[in-house]
Structures are given as structure tokens and as C-alpha cells.
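# Breakdown of the fold
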Protein chains: 2
Amino acid sequence: MFSKTCEYAIRAMIYIAQQTRNGSRVGIRQIAAGIDSPEHFIAKILQELSRKGLVESMKGPTGGFYLEEASLNRSLADIVKIVDGDQLFLGCGLGLKQCSETNPCPIHFKFKKVRKEIQTMLENAKLGEFIEKLDRNETFLRRG
Amino acid sequence: MFSKTCEYAIRAMIYIAQQTRNGSRVGIRQIAAGIDSPEHFIAKILQELSRKGLVESMKGPTGGFYLEEASLNRSLADIVKIVDGDQLFLGCGLGLKQCSETNPCPIHFKFKKVRKEIQTMLENAKLGEFIEKLDRNETFLRRG
DNA sequence: ACAATAGAAGATATTTTTATCTTTTATTAA
DNA sequence: TTAATAAAAGATAAAAATATCTTCTATTGT
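In every chain, residue numbers begin from 1 and rise along the written sequence. For naming, the first written chain is A and the first written ligand is 1, with later ones following in the order written. Only residues with pLDDT of at least 70 get local features here, since the model is predicted, and only at 80 or more are side-chain atom pairs given and counted; chain-wide, interface and lining totals rely on the full set of residues. To get the side-chain values, take all heavy atoms of the structure and skip hydrogens and water.

The name that an unreviewed UniProt entry assigns to chain A is Transcriptional regulator, BadM/Rrf2 family, with the source organism given as Niabella drilacis.

What follows is the structure in C-alpha cells.
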């Protein structure tokens with residue numbers, strides 16, 4: 001469904017959301033360990049999300065990544081769009097460039113329906129909503 | 001959502017279903033042209049689908065690919081499972097190997113729901129059902 | 001100022017996916 | 001039974017995704 005890059009991105013963003021209340025910051029090494037991802041790879045991904053303003057960062061000692069309060073209200077759809085683009089939300093299920101409402105592929109309308117549900121689900125899933133259950137160890141971002 | 005390979009596979013199977021009523025056969029070259037895919041690549045894919053019994057083939061002059069009557073009742077889910085595996089139906093949305101009902105990732109239950117709908121949609125989509133609209137040019141498998 | 005820390009950036013490497021090319025085998029029609 | 005046809009099979013190539021390595025820059029605490 002998502003690229004590996006996107007899976008890491010979502011996990012990292014949720015992790016950062018959880019780890020950085022009270023304005024504290026969390027380092028790349030800790031993030032990579034916290035979500036079981038390659039350190040340099042997730043660093044790259046966060047650089048991009050940082051440029052796009054989804055996450056803040058600061059260099060130097062005591063530096064690291066953190067979220068602005070408002071970013072807790074960002075949705076998983078925002079992350080997916082930046083990392084994987086809007087193919088998942090808009091693209092043809094059979095990969096046809098010219099597929100459209102008026103020139104549909106055979107599964108166009110069936111697909112439209114489930115795709116819309118995926119989109120709605122991802123748009124309604126806000127970063128802030130995952131924190132509590134993680135804190136209570138009811139959900140996990142790496143091998144539990 | 002699907003790999004390129006799987007997109008081609010689905011398009012090819014629907015195309016073969018459409019082109020081969022009355023026991024006629026359709027060649028690789030025509031299939032590739034009919035669905036806009038690389039000839040050698042779709043050949044490989046059909047070899048696998050043939051080994052798995054989703055499609056029949058015959059070598060030599062007047063040879064080609066065709067479907068047994070019963071195969072018209074095969075679903076897109078059958079194709080997806082063979083080509084892409086069951087990752088789409090069973091895998092964790094965030095790529096976590098250990099994710100499960102008792103050890104869920106943060107989006108496990110939201111995902112389960114939409115994934116199930118995708119599966120149901122694909123299981124209910126039978127190869128035979130696409131033929132009529134293709135015949136009437138109401139849907140397309142390549143640039144219309 | 002200086003040494004240490006940590007992210008940014010760019011280059012490189014590996015793996016997987018996608019695509020192509022060549023040779024072999026089965027089938028047909030003459 | 002031979003020449004032509006078309007799929008099967010295996011090898012190779014190109015492109016994209018994933019992962020790693022090295023150097024540079026900003027920030028901090030002393």
C-alpha cells in the first residue's frame with residue numbers, strides 16, 4: 001500500500017509526536033531505534049518532511065526533531081502525499097494514465113469507492129491521536 | 001496499490017477474457033498491443049499465471065492464450081494473490097512484521113477495515129463481468 | 001574561542017522491480 | 001518431414017527503491 005519510505009515516515013512522525021511533549025527534542029539515533037529503521041535512511045526522510053514543514057529540527061547538542069503543537073493535528077494523509085505523492089488517492093488502479101470518469105478502466109468505479117475510504121481514513125488519522133495508546137503500551141511502533 | 005507486474009497481469013487477463021470467446025486464442029503480441037505493455041514482460045507474467053492454472057496456452061501456429069470457461073469466474077483477488085502475494089490483504093500498513101491483533105501497530109484496526117473492503121471488492125470482481133462493457137467501448141484497457 | 005554534538009547534504013552502494021534479448025521447445029500446415 | 005509459428009525458459013540489462021557512507025554546517029556548553 002505504502003512505500004517502505006512512507007512506512008518509516010509515518011512511524012517516525014508518530015514516534016516523534018509521542019516522544020516530544022514539553023518542547024523536548026529527539027535525536028535521529030533514538031528515532032531509528034524506536035521504530036526499527038535504518039538510521040541514515042530515516043534521516044533523509046525526515047530532512048524532506050522538515051523542509052515541507054511537517055516536523056521541526058535543530059542542530060547541535062540538545063538538538064533533534066520535534067513537532068510544533070499545531071503539527072499534532074496533521075494527518076497521515078499529509079505524510080503520504082509528501083512521501084508517496086497522490087497516486088494512491090488519484091491514480092488508476094490498473095496504472096492507466098488516461099483513465100478517467102469519462103474514459104474509465106474496467107475497475108474504475110469499484111476502485112474509486114475503496115480509494116475514497118482509504119483517503120478518508122488517512123485524513124482523519126491525526127498524529128496526536130496515537131500518543132496515549134503508545135504510552136500505555138497498547139500499540140507499538142517496533143517489535144513489541 | 002498493485003505492482004506494475006500485477007497491473008499488467010490484471011489487464012492482460014481481462015483482455016484475454018474478452019478476446020477469447022468460442023475457444024479462440026490470442027497471441028502475446030496482440031495482448032501486449034491490446035493493453036499497452038512491454039511484450040516480453042507480459043509474456044513472463046502470463047507464463048506464471050499459466051503455471052498456476054489461471055490461463056491456458058498453446059504453442060505453435062494458431063497457438064496463444066485463452067481461458068477455460070470456468071476461469072471466467074476467477075476473481076481479481078486470485079490474480080493479485082499470485083502476482084503480489086497476500087501482503088495487501090494481510091500485511092501491516094506500517095510494514096511491521098510483528099503487528100497482530102494482540103500486538104497492533106497504531107493504525108492496525110483502522111487499516112483492517114479498509115483492507116477488508118479492498119479484499120471483498122477484488123474477490124467479487126470476476127473476470128467474466130468486464131467483457132460486455134469492453135465490447136461496448138464503455139471501458140478501456142489502454143488509451144481509449 | 002573551542003571541542004563536542006547532531007542534523008544537512010551529497011555521493012555511493014545494494015537490492016528489487018521492471019524490461020529486454022536470446023535460445024529452446026511444442027505445434028501446425030503444407 | 002520440413003518450414004514457419006508461437007510460447008517457454010533462461011540470461012542479461014536498465015531503472016527505481018532502499019540503504020549506507022562521508023563531509024559539511026549549525027549549535028551548545030565549557
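## Comments concerning the protein's contact with DNA strand C
Around DNA strand C lies a shell of 26 residues, among which Gly27(A), Ile28(A), Lys44(A), Ser57(A) and Pro61(B) are the nearest. The sugar-phosphate backbone supplies 57% of the atoms of DNA strand C found within 4 Å of the protein. Within the side chain of Arg51(A), an N or O atom sits 3.0 Å from a phosphate oxygen of DNA strand C. Here a polar contact means two N or O atoms within 3.5 Å. Within protein one must be a hydrogen donor candidate and the other an acceptor candidate, and residues neighboring in sequence count only if both atoms are side-chain atoms. Within the side chain of Tyr8(B), an N or O atom sits 3.4 Å from a phosphate oxygen of DNA strand C. For each residue, the test is whether any non-hydrogen atom lies within 4 Å of the molecule or strand; if one does, the residue is near.

## Some thoughts on the layout of surface pockets
Only protein atoms enter the calculation, which uses a 1 Å grid: trapped sets of points that fit a 1.4 Å probe without letting it out are cavities, open sets showing protein on both sides within 12 Å along at least five of seven lines are pockets, and any residue with an atom within 4 Å of a point is a lining residue. Grid points are joined across faces, edges and corners, and a volume is the space filled by probe spheres set on the points. The computed volume of the largest pocket comes to approximately 550 Å³. Glu7(A), Gln87(B), Leu88(B), Gly91(B) and Cys92(B) are, among the 28 residues lining the largest pocket, the residues nearest its centre. Every element with two or more residues in the lining of the largest pocket is listed here: helix 1 (4-19) of chain A together with helix 4 (76-84), helix 5 (87-90) and helix 6 (108-124) of chain B. For the purposes of this entry, the term helix denotes a DSSP run of H or I that reaches at least four residues, the term strand denotes a run of E that reaches at least two, and both are numbered from the N terminus. For the lining of the largest pocket, the leading source of residues is helix 6 of chain B, giving four residues. Classification used: nonpolar for Ala, Val, Leu, Ile, Met, Phe, Trp, Tyr, Cys and Pro, charged for Asp, Glu, Lys and Arg, polar for all others including Gly. Looking at the lining of the largest pocket, its residues break down into 13 nonpolar, eight polar and seven charged. By volume, the second largest pocket amounts to about 250 Å³. What lines the second largest pocket is a set of 16 residues, among which Met1(A), Gln87(A), Leu88(A), Met1(B) and Phe2(B) lie closest to the centre. When contributions to the lining of the second largest pocket are tallied by element, the ones reaching two or more residues are helix 4 (76-84), helix 5 (87-90) and helix 6 (108-124) of chain A. For the lining of the second largest pocket, a count of residues per class yields eight nonpolar, five polar and three charged.

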